[in-house]
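Residue-level structure breakdown
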Amino acid sequence: MKTKTNQVKNAEKEASILLNHAVELSHAAAGNSDKEKILALDSNLKLWVEIETTLKNAKNLLPDEIKSNLLKLSKFVERLTLTKGVKMTKSDFDTLVNINMQISGGLMDSVKNSLAREEAFQLLKCAIDLSSAKEKNDAGDMVNALENNMKLWVYIKTLASSEQNPLPKETKQNLIKLADYVTGKTMEVGKNVNNLNEKAIDSMIMTNLQISEGLMTKRASA
């Protein structure tokens, strides 16, 4: 039983680390600071080098197929990072973020996840979908991204409004206000998806990133 508990804790920890790095990469990609991009890329690269080292350890009991796939991903991340560095495009950053999210998601599926971590994961995913739709200037993708993001925030508002929710009153009130803000911005942008209000989209993306980061930080400190 103790071994099983340790495995769950390790999986949760690894999922959190991958998700935190995904948040850092998303923040860096959304900004204009080369320094922030370099720090995020360097940190993520070190993480994947560590993952590769662990996979090559003789004591690693993962199935050979899984180890092989993770090693390929590690090599890809290392090659992309070292080849392009700060010159990476937004699409390159999204690729790295998605890799981290997919592996983190797989780890989270293997354990019983905390609500905070699941919400953080979904907020980050919605932020990426909004960013991708904006970059491609695809009205259909933008409508889907806006709809999914609003559904998530309606869900968050419902949780925050519950009397059984143990969060501090001030935190719940702030989440409710943010949910109302996102709903309003969604309605505003949705009226004319063929002529996007990019500032409104960027604002929603940053809101998701900040709340996602906050949830993961609180979880880590706990």
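These notes cover the structure that comes with them. Computed from a predicted structure; not experimentally measured.

Right, let's get into the overall build of the protein. Helices and strands together make up the secondary structure of the protein, namely eight helices and zero strands. A sequence separation of at least 24 residues applies to 67% of the contacts in the protein between residues at least 6 apart. A total of about 12800 Å² of accessible surface is found on the protein, and carbon and sulfur atoms cover 54% of it.

So, on to helix α6 (residues 139–161). Taking 1.5 Å per residue as the helical rise, α6 with its 23 residues ought to reach 33 Å, and the 32 Å between its terminal C-alpha atoms agrees with that figure. Looking at α6, one finds that the buried residues are Met142, Ala145, Leu146, Asn149, Leu152, Trp153, Ile156 and Ala160. Its side-chain oxygen at 2.9 Å from the backbone nitrogen of Gly140, Asp138 defines the N-terminal cap of α6.

In this structure the tally under the stated criterion is one cavity of 30 Å³ or more. Approximately 60 Å³ is the volume found for the largest cavity. In terms of lining, the largest cavity is formed by Ser26, Ala29, Ala30, Lys90, Asp94, Ala127, Ile128, Ser131, Ile205 and Leu209. Elements that contribute at least two residues to the lining of the largest cavity include exactly α1 (2–30), α4 (90–109), α5 (115–136) and α8 (198–221). Classifying every residue of the lining of the largest cavity by side-chain character gives six nonpolar, two polar and two charged.

The rules behind the values
Residues numbered from 1 in each chain as written. Predicted model: local features only at pLDDT ≥ 70, side-chain atom pairs only at ≥ 80, totals over all residues. Heavy atoms only, no water. Helix = DSSP H or I, 4+ residues; strand = E, 2+ residues; numbered from the N terminus. Contact = heavy atoms within 4.5 Å. Areas by Shrake-Rupley, 256 points an atom, 1.4 Å probe, with all protein chains shown as cover. Expected span 1.5 Å × (residues − 1). Buried < 20%, exposed > 50% of the residue type's maximum accessible area, 1.4 Å probe, protein only. Polar contact = N/O pair within 3.5 Å; in protein donor to acceptor, adjacent residues only side chain to side chain. 1 Å grid on protein atoms, 1.4 Å probe; cavity = no way out; pocket = protein on both sides within 12 Å on 5 of 7 lines; lining within 4 Å. Points joined across faces, edges and corners; volume = space filled by probe spheres on them. Nonpolar A, V, L, I, M, F, W, Y, C, P; charged D, E, K, R; others polar.

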